[in-house]
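A look at the structure
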Number of protein chains: 2
Amino acid sequence: MDDEVRRAARAVDGARLWRRLMAMAEIGATPAGGVNRQALSIEDRAARRRLVEWAWERGYDAAQDGAANLFVHRPGSEPQLPPVLVGSHLDSQPTGGRFDGAFGVLAAFEVLEALDDAGVATRRAVEAVAWTNEEGSRFSPGAMGSAVFARRMTLGEILPVTDWDGVPLADALRDTLADLPEVPMRDRGLVPAAFLETHIEQGPRLEAEGIPVGVVTGIQGISNIHVEVIGAEAHAGTTPRRLRRDALKTAAAMVLALEDAFADGDDTVRFTVGRFDVTPSSPNTVPGHVRFTIDFRHPDPATIERLTGRIEPICQGLAGACEVRVHRKRDVPPTRFDEGTVDLLRESAKGLGIAHMDMFSGAGHDAMHLSAICPTAMVFTPCKDGISHNEAESAKPEDLAAGTRVLAAAACALAQR
Amino acid sequence: MDDEVRRAARAVDGARLWRRLMAMAEIGATPAGGVNRQALSIEDRAARRRLVEWAWERGYDAAQDGAANLFVHRPGSEPQLPPVLVGSHLDSQPTGGRFDGAFGVLAAFEVLEALDDAGVATRRAVEAVAWTNEEGSRFSPGAMGSAVFARRMTLGEILPVTDWDGVPLADALRDTLADLPEVPMRDRGLVPAAFLETHIEQGPRLEAEGIPVGVVTGIQGISNIHVEVIGAEAHAGTTPRRLRRDALKTAAAMVLALEDAFADGDDTVRFTVGRFDVTPSSPNTVPGHVRFTIDFRHPDPATIERLTGRIEPICQGLAGACEVRVHRKRDVPPTRFDEGTVDLLRESAKGLGIAHMDMFSGAGHDAMHLSAICPTAMVFTPCKDGISHNEAESAKPEDLAAGTRVLAAAACALAQR
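Keep in mind the model is a prediction, meaning the values are calculated, not measured. (Residues numbered from 1 in each chain as written. Chains lettered and ligands numbered in written order. Predicted model: local features only at pLDDT ≥ 70, side-chain atom pairs only at ≥ 80, totals over all residues. Heavy atoms only, no water.)

It is worth spelling out the side chain of arginine 48 of chain A at this point. Within the secondary structure, arginine 48 of chain A sits in helix α3 (residues 42-57). No salt bridge is formed by the buried arginine 48 of chain A; the nearest opposite charge belongs to aspartate 44 of chain A, separated by 5.7 Å. (Helix = DSSP H or I, 4+ residues; strand = E, 2+ residues; numbered from the N terminus. Buried < 20%, exposed > 50% of the residue type's maximum accessible area, 1.4 Å probe, protein only. Lys, Arg positive; Asp, Glu negative; His and termini not counted. Salt bridge = Lys/Arg side-chain N within 4 Å of Asp/Glu carboxyl O.)

Here we take up the side chain of arginine 37 of chain B. Residues and elements named next belong to chain B. Examined against the element boundaries, arginine 37 turns out to sit in the loop between α2 (14-25) and α3 (42-57). One buried charged residue, arginine 37, remains without a salt bridge, the closest side chain of opposite sign being aspartate 44 at 5.4 Å. Within polar-contact distance, the side chain of arginine 37 engages the backbone oxygen of isoleucine 27 at 3.1 Å. Other than its neighbours up to four places away in sequence, arginine 37 contacts Met24, Ala25, Ile27, Glu43, Asp44, Ala47, Leu90, Asp91, Ser92, Gln93 and Ala102. (Polar contact = N/O pair within 3.5 Å; in protein donor to acceptor, adjacent residues only side chain to side chain. Contact = heavy atoms within 4.5 Å.)

Residues and elements named next belong to chain B. Applying the stated criterion across every chain, the model contains 19 aromatic pairs over all chains. When the centroid spacing of 5.8 Å and the interplanar angle of 40° are considered together, the rings of phenylalanine 71 and phenylalanine 149 count as tilted. With phenylalanine 71 in strand β2 (residues 70-74) and phenylalanine 149 in helix α5 (residues 144-149), this residue pair connects regions lying 78 residues apart in the sequence. Its relative accessible area of 1% is what places phenylalanine 71 among the buried residues. (Phe/Tyr/Trp six-rings, centres within 6.5 Å; stacked < 30°, edge-to-face > 60°.)

Turning next to the sheet that holds strand β9 (residues 270-279) of chain A. Residue and element names in this part refer to chain A. Spatial strand order, β9-β11-β7-β12: four strands in an open sheet with antiparallel pairing. Two strands in the sheet have a free side with no partner beyond their single neighbour: β9 and β12 (323-332). Adjacent strand axes in the sheet meet at a mean angle of 15° when their direction is disregarded. The sheet strands contacting helix α9 (residues 247-262) are β7 (221-230), β9, β11 (289-298) and β12, and the helix crosses β11 at an angle near 10°. Of the strands in this sheet, β7, β11 and β12 are in contact with helix α10 (residues 301-317), which crosses β12 at around 165°. (Pairing = 2+ DSSP bridges. Axes fitted to C-alpha atoms, helices over the stretch in contact; angles between N-to-C directions.)

Counted at 1.5 Å a residue, the expected span for helix α13 (residues 397-416) of chain B with its 20 residues is 28 Å, and the 28 Å between its end C-alpha atoms agrees. Counting buried positions along α13 of chain B gives 16 out of 20 residues, so the element sits mostly inside the fold. (Expected span 1.5 Å × (residues − 1).)

Least-squares fitting of chain B to chain A yields an RMSD of 0.1 Å, with the transformation described by 0.0 Å of translation along the axis and a rotation of 180°. Look at the turn and shift together and you get a two-fold axis relating the two. Closest approach to the rotation axis among the C-alpha atoms of chain B is made by alanine 252 of chain B, whose C-alpha sits 2.3 Å away. By residue overlap, the copies meet face to face through one surface: 100% of the interface positions of chain B are interface positions in chain A. (Least-squares fit on C-alpha atoms with pLDDT ≥ 70 in both.)

All names here are of chain B. With respect to topology, four strands assemble into an open sheet ordered β9-β11-β7-β12, the strand pairing being antiparallel. Each edge of the open sheet is held by one strand with a lone partner, namely β9 (270-279) and β12 (323-332). Between one strand and the next, the sheet's axes are offset by a mean angle of 15°, whatever the strand orientation. The pairing of strand β7 (residues 221-230) with strand β11 (residues 289-298) spans ten bridges and is antiparallel. Opposite valine 227, over in β11, you have phenylalanine 292 as the bridge partner.

Residues and elements named next belong to chain B. Close contact between α2 and α3 brings their axes to 10 Å; oriented N to C, the two are set at 145°. The interaxial crossing formed by α2 with α3 has right-handed handedness. Of α3, the residues touching α2 (which contributes Arg20, Ala23 and Met24) are Ala47, Arg50, Leu51 and Trp54. (Left-handed = near helix turned anticlockwise from the far one by under 90°.)

Below, the discussion takes up the packing of helix α11 (residues 339-351) of chain B against α13 of chain B. Residue and element names in this part refer to chain B. Between α11 and α13, the least distance of the axes is 9 Å, while the angle of their chain directions is 125°. It follows that α11 is oblique to α13 by the angle criterion. Of the two elements, α11 crosses α13, and the hand of that crossing is right-handed. On α13, the residues that touch Leu344, Leu345, Ser348 and Ala349 of α11 are Val406, Ala409, Ala410, Ala413 and Leu414. (Parallel < 35°, antiparallel > 145°, perpendicular 65-115°, else oblique.)

Tallied over the full model, the rule gives zero disulfides over all chains. Not part of a disulfide, cysteine 412 of chain A finds its nearest cysteine sulfur in cysteine 374 of chain A, a span of 18 Å. Take cysteine 412 of chain A: its relative accessible area is 0%, and that puts it in the buried class. The thiol of cysteine 322 of chain B is not disulfide-bonded; the next cysteine sulfur, from cysteine 315 of chain B, is found 12 Å away. (Disulfide = S-S within 2.5 Å.)

Interface size is often expressed as the accessible area that is lost when the parts come together. Each partner contributes to the interface: chain B provides 59 residues, whereas chain A provides 60 residues. In total, about 5,000 Å² of surface goes out of reach between chain B and chain A, with carbon and sulfur atoms giving 50% of it. It is His235, Arg241 and Pro283 of chain B that lose the most area in chain B upon contact with chain A, and together they represent 13% of the buried surface on that side. Our count for the chain B to chain A interface comes out at eight salt bridges. Ionic pairing is found between aspartate 267 of chain B and arginine 241 of chain A, a salt bridge with its closest N-O pair at 3.7 Å. Taken together, chain B and chain A are joined by 38 residue pairs in polar contact (both at pLDDT 80 or more). By residue number, the principal contributor to the side of chain B that touches chain A is β9 of chain B, which donates nine residues. Here the residues of the side of chain B that touches chain A are counted per class, giving 22 nonpolar, 21 polar and 16 charged. (Buried area = accessible area lost by both parts, 1.4 Å probe. Nonpolar A, V, L, I, M, F, W, Y, C, P; charged D, E, K, R; others polar.)

Leave glycine aside and you will find that most residues have negative phi; peptide bonds, for their part, are mostly trans. In this structure, the amide linkage connecting threonine 279 of chain A to the following residue, proline 280 of chain A, adopts the cis form with an omega of 0°. Take proline 280 of chain A: it is sitting in the loop between β9 and β10 (285-286). For the peptide bond that leads from serine 140 of chain B to proline 141 of chain B, omega is 0°, which places it in the cis range. Residue placement: proline 141 of chain B occurs in the loop between β4 (126-131) and α5.

Below is the structure:
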């Protein structure tokens, strides 16, 4: 391992990283100890401002693009070379944890500071980036900012998206950009030299194995489907069962039938009905309308295709007196990360004497889009009981520091190429 | 039939009643042609003000009590005698229709005007009343104003009730009373001589039989139960099925099992899961919490008891890894109306040559509470396809006029006793 690389990794300050994480977790903090910092909300904007203020305190420039992706820039000695990007996201689930996303952004910021503290000048610039709307819980789909950056979606495609209250993304985006008028806009033509992301595992394996670093070789594919069940509202006290078109009863039968159809012996399928909205949701009215979401993931594209194809026939078969509409919203194919970059992460961990293992990601991450335009890989760190998307999400400072050291070593090596 | 009674019934002006109904339906009007005028909302308050203004235009006094029940007073010649009350409610379901409740209040107002137009002086005062929060969709339970009036509940019991946004009823009640500062308060010691209510049937029978008037002999009993399912939020992409505690999947199984358990051969049971709230309701988070309501009605108290007792064991049996809490909220026993008053309605319809039939009410009404303190009965009129608690609710002017004529005749006869 190169001496500069080793010095950069050793300069990672776990206590400083932890302090910043806890300061960031104050923004949108929930009484149960998590955060509610949904994409482009007041809280998300406050988090962006905090990151920019920390950047300015260390003398870094910040920039944002039209999708509100936010970049903190540490210059390289050869400005004409494309930069190395490191980062993740600052937005959270409505009842999210303190580490999902924020750890990856603040670890990236720590990499910049470690390079400075170690006195390492790199050929390429290194940038810490916060991608917009990774969670997708307010505006669907998730990982929107990185998808636009990687030209897998266009701004024109995402602007008309509305949240479940009808607020257009275009408005929320405009207000978010306007909240940081001092941060210059830059266009999205950039193709990075590489992208690295670190994230808590959001699963139980690293903790169970007692290993602080997972080297992620790929991400399973996702299929998102919305199902709408249209019945008829009716009076609960007067309408006989034979005349009812009960959208809730019908939708409940669909959920159970789909759960059965997607159950696999080795428990690899990830099938979730997460959002389930009933209208009018009044105790004494038969529900006339239900809308629910399906989030289905699997490492194998053929399995995704085959099982997704079963959803509509199953729902139509249970529709009875109701009308059913199945909307296939968006698929993300499985991702295989760049073998060279994955190797660099393995070598970095090995060189620093940090125990590590290969793994496949169950969750989607911004890295899946970046991998379409540049060499990309990820580092996972353990989280308590594998719990994430939950206010109880928890991680150990020493594990986060270990992952960030591997990240710093790899970023430094890439920035010297 | 007494001549004054006949004159009062004939003075009922169906066109005027219809005009007032349409004017009332403008308050809280929804794009789909219904109304959203939930109890103690801005819209409900506007409806109360409109009724008071109409009262003043005709020279009637208005009064309200501590539960915001609103009374329009037509004096009798013997002020020391208890009045005859006629009325229903002005609040609606969130996606309610134009006739449910409003018809009963405006028919009562039409009775007062018809008595005047016919030049009939009555011994007893006749009052048109709008009871507070009959629907119970915002603040549970329904028929709250009439329950307090009839001393089946106390003000102290209802004041702490909150809506699903946490607004206390005490605040909404205070604001509603304050919105009509010119309307004097009166205390709730009054015991009426009788109570009459007219309402659309909210079921299909009268329309199917081609009969404009139903004489209601009683109301089926209601049992309200809340079920809470507590699981654990988890990441949709990473959490294996065997580790999930999915509150939505568990609650869906309960809904289907309960629907099965409550299905009866002759379709007399009314079993409805109407409200179903999922938390956090995010597409990529396994739901950690579901809360749903059960509205169960039957004419036979023993059947209510027996089937209600099955709810908790069924839910506990399906709980799996989740925790389940079953709250029995409130029961209303079946009501049998006063035979003499029911007879008076039959005789009134017969004397006016209006076709009529006896029926039992599937829905709860304010009359069920009034029947505990004074002779009470109800008149039903047809509604299109039996649809109610629905923006598509519809009724014919001639049917509403026929029902109001029977009401006017009976109210006049009672007020002369």
